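# Descriptive analysis of the structure
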Amino acid sequence: MAAWDLSVTVEDLGSDAPPVTLSVMSDLHVGGVILKLVEKTQMKRDWSDHALWWEQKQQWLMRTAWSLEKYGIHADARLLFMPQHKPLRLGLPNGITLRLRACFSSPVFHTVIGICRMLNIRHPEELSLLRPVEEKKKKKDKNSAEEIYDLTEVPLSSVSRPSLYNGMPAHFADSPQMEAIYKMLSVTQPPPAPEVIAKQYRPASVVDKAHINGRWLDSSRCLMQQGIQENDRLWLRFKYFAFYDIEPKYDVVRLTQLYEQARWAILLEDIDCTEEEMMLFGALQYHISKVSQSEPQMQSSSAAMDDLESALQCLEVKMEGESSSASEMLDIMTAPELNDYLKIFRPKRLTLKGYKQYWFKFQDTSISYFKSKEESIGEPIQQINLKGCEVAPDVNLAAQKFLIRLLIPAPEGMNEVYLRCENEQQYAQWMAGCRLASKGKTLADSSFQSEIQSIRSFLAMQKSNSGSHGNVPDDESINTHSLVSPRYHKKYKAKQLTPRILDAYQNVAQLSLTDAVMRFLQIWQALPDFGLSYIVVRFKGSRKDEVLGIAPNRLIRIDLGVGDVVKTWRYNNMKQWNVNWDIRQMAIEFEGNVNIAFSCVTADCKIVHEFIGGYIFMSTRSREKSDTLNEELFHKLTGGHEAL
């Protein structure tokens, strides 16, 4: 076999250095090439993280036992010899930028796992990397360089097997500077100045919201393959809104970053909420910022105590399961139901008819209504099956308005129905029932009472205390424009907002830091638009663009002309989905011979494919397997043929 010359650029020799030329044969394996290179450069250093990158083919030569011939490498190949881990500037949800070494040779999914290990964030599968949105730059801002916190000195070995010290990874305990960085990761940031909020990019429509989702990186390809260079800037964000097993004791950084992402989503109007909810979010932010100055951080605890605690909890659950008495069994067997007079309204276009009162019966997962209580023995006027419907609250406590908005799936689209309740108690029960039924659960479900309780406590928080403001802080210390979105800066002066936010603050002032953060996240998760990622698509056979909303459990189709939800499809009715990579079209088949196909306008169809597969992967996680992450299954569900 004839020898031939292979030239390799060695990054460590500097950008001006000429490539190193090696005399090789086609049967030489990649490991042998690396060995020859290292000998020829005569540099004494640790080369264990280095690998060869083939520029024309945009691929790493990770299989060191493969020969040059097997890879198809000839004398014209442009090879680079460089470290697999390179510095990256990473913007976190709380606005801080870190500089850290990330893996440029593994699929992004694996790179994110490494980053999350370094930062002590559990369940890294919920996060991903995306290209940042450029901020509006003023000319006079040119000099203001952002502060970057450096973690590039953290040894890679301590990231692959992080050990905890006082609840934080040991590499953060090395120096006061590192400890200060960990504190910034795990303590909520003070409310931003109103001008900082105004400077950020704010989506004005659903289409604007869709553009951000075109920026996600592909999880099955590495950073190098996606054109990311050393020291480039990326964002780390929660991508899948299915948060598994949140445990405040272990999840200090995860909870803080999740809170920050939720807070910015509300401040930048990424997600819509009512005025009352905005005041409550403002009050919680104010409280969280106040308490986090006095309470240093959410509690993290020692491992031995936790093991004991979790063992006791398991035992408790087992005991509860075994000790159900005969009377309890009888209660379960007789299915509970709700019966009451409610008012119903069907907002069809061009109707002026108002609400009509009927006798309603809630049984299993459906609602039936009758002219009166006496007639409820016979046939109902109509029975509405709530399984798979959308449920949204429409409540105004001051006006005593308690509405439940239902969007019921029907073959030709979504039917809208409003139910009006008389009072808070009735609303809490029926709303809880509707929420459970939409997920296919009945009133007999164990979570029914806790659902009622959480709805009532949420309503209690929104109540205004017209009396004295008790332990109200000094009004000067609160800049209310920092706590609400810019829409309210225009609508109200800061002085007008202060009493309303302090009013809501009365209802949350007793909460601990952890409870306040958890409550903020619960209310965010209860918003009707929570967890929706939008993509502009064109459905097969349609001549106009529409919006596809991707949620943790369903897809929704939104008509851009009206801004309304036209149709909902749930994942649990999905039989299969596939992508025609040649024409970049996605096809999904649901039960009942329902087929949809669309091409994507604002994002690559790989991103949509990954969102759907990712959410299905999230739903496969379980307690028994929670320690090990099934990477292979994730790539199977999200990768498409390109990953195989």
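In the block above lies the structure referred to throughout.
Note that this is a predicted model, so its numbers are computed, not measured.

### Here's the deal with the pattern of salt bridges
- If you walk through the whole model with that rule in mind, you get 28 salt bridges.
- Between Arg122 and Asp251 there is a salt bridge, and its shortest N-O distance comes to 2.8 Å. Taken together, the positions of Arg122 in the loop between helix H3 (108-119) and strand E8 (127-130) and Asp251 in the loop between strand E12 (233-238) and helix H8 (252-267) put the pair 129 residues apart, joining distant regions of the chain.
- Of the charged contacts, one joins Asp545 and Arg538 as a salt bridge, the two residues approaching to 2.9 Å between their closest N and O atoms.

### So, the pairing of strand E18 (residues 401-410)
- Here E18 lies mainly inside the structure; seven of its 10 residues are buried.
- Relative to E18, strand E17 (residues 390-396) is paired through seven bridges, and the arrangement is antiparallel. By the bridge assignment for E18, Val395 is matched with Phe402.
- What sits between the antiparallel neighbours E17 and E18 is a turn of four residues, in which Gln400 has the positive phi angle 55°.

### Regarding the sheet that holds strand E6 (residues 85-91)
- One open sheet accounts for five strands, arranged E8-E12-E6-E7-E9; its pairing is mixed. For this open sheet the edge positions go to E8 and strand E9 (148-150), each flanked by a neighbour on one side alone. Across the sheet, the axes of successive neighbouring strands diverge by a mean angle of 45°, strand direction being ignored.
- Two elements, E6 and strand E7 (residues 97-103), share seven bridges in a ladder whose sense is antiparallel. By the bridge assignment for E7, Leu90 is matched with Leu98.
- Against the sheet, H3 engages E6, E7, E8 and E12, with an angle of about 130° to E7.

### Examining empty space enclosed by the protein
- A complete count under the given rule lists three cavities of 30 Å³ or more for this structure.
- The volume enclosed by the largest cavity comes to roughly 40 Å³.
- Residue lining of the largest cavity: Glu269, Ile271, Asp272, Cys273, Met278, Ser485, Arg487 and Tyr488, and that is the complete set.
- In terms of residue class, the lining of the largest cavity is made up of four nonpolar, one polar and three charged.

### Thoughts on the side chain of Ser292
- Position of Ser292 among the secondary structure elements: in helix H9 (residues 275-294).
- Here Ser292 is in contact with Val187, Thr188 and Leu513, once residues within four sequence places are set aside.

### Quick look at the pairing of strand E20 (residues 533-539)
- The buried count for E20 comes to six of seven residues, which makes it a mostly enclosed element.
- Alignment of E20 against strand E21 (residues 546-550), held across five bridges, turns out to be antiparallel. What sits directly across from Ser533, in E21, is Ile550.
- In textbook terms, the turn of a hairpin is the stretch between consecutive antiparallel strands, and for E20 and E21 this stretch comprises six residues, one of which, Gly541, has a positive phi near 85°.

### As for the sheet that holds strand E2 (residues 20-24)
- Strand order across the open sheet formed by five strands is E2-E1-E5-E3-E4, with mixed pairing between neighbours. Each end of this open sheet is capped by a strand with a single partner; those strands are E2 and strand E4 (59-60).
- Here strand E3 (residues 50-54) pairs with strand E5 (residues 79-83) via five bridges, running antiparallel. Note on E5: the bridge partner recorded for Trp54 is Leu79.
- Set on the sheet, helix H1 (residues 30-41) makes contact with strand E1 (4-10), E2, E3 and E5; between it and E2 the angle comes to about 135°.

What counts and what doesn't
Residues numbered from 1 in each chain as written. Predicted model: local features only at pLDDT ≥ 70, side-chain atom pairs only at ≥ 80, totals over all residues. Heavy atoms only, no water. Salt bridge = Lys/Arg side-chain N within 4 Å of Asp/Glu carboxyl O. Helix = DSSP H or I, 4+ residues; strand = E, 2+ residues; numbered from the N terminus. Buried < 20%, exposed > 50% of the residue type's maximum accessible area, 1.4 Å probe, protein only. Pairing = 2+ DSSP bridges. Axes fitted to C-alpha atoms, helices over the stretch in contact; angles between N-to-C directions. Contact = heavy atoms within 4.5 Å. 1 Å grid on protein atoms, 1.4 Å probe; cavity = no way out; pocket = protein on both sides within 12 Å on 5 of 7 lines; lining within 4 Å. Points joined across faces, edges and corners; volume = space filled by probe spheres on them. Nonpolar A, V, L, I, M, F, W, Y, C, P; charged D, E, K, R; others polar.

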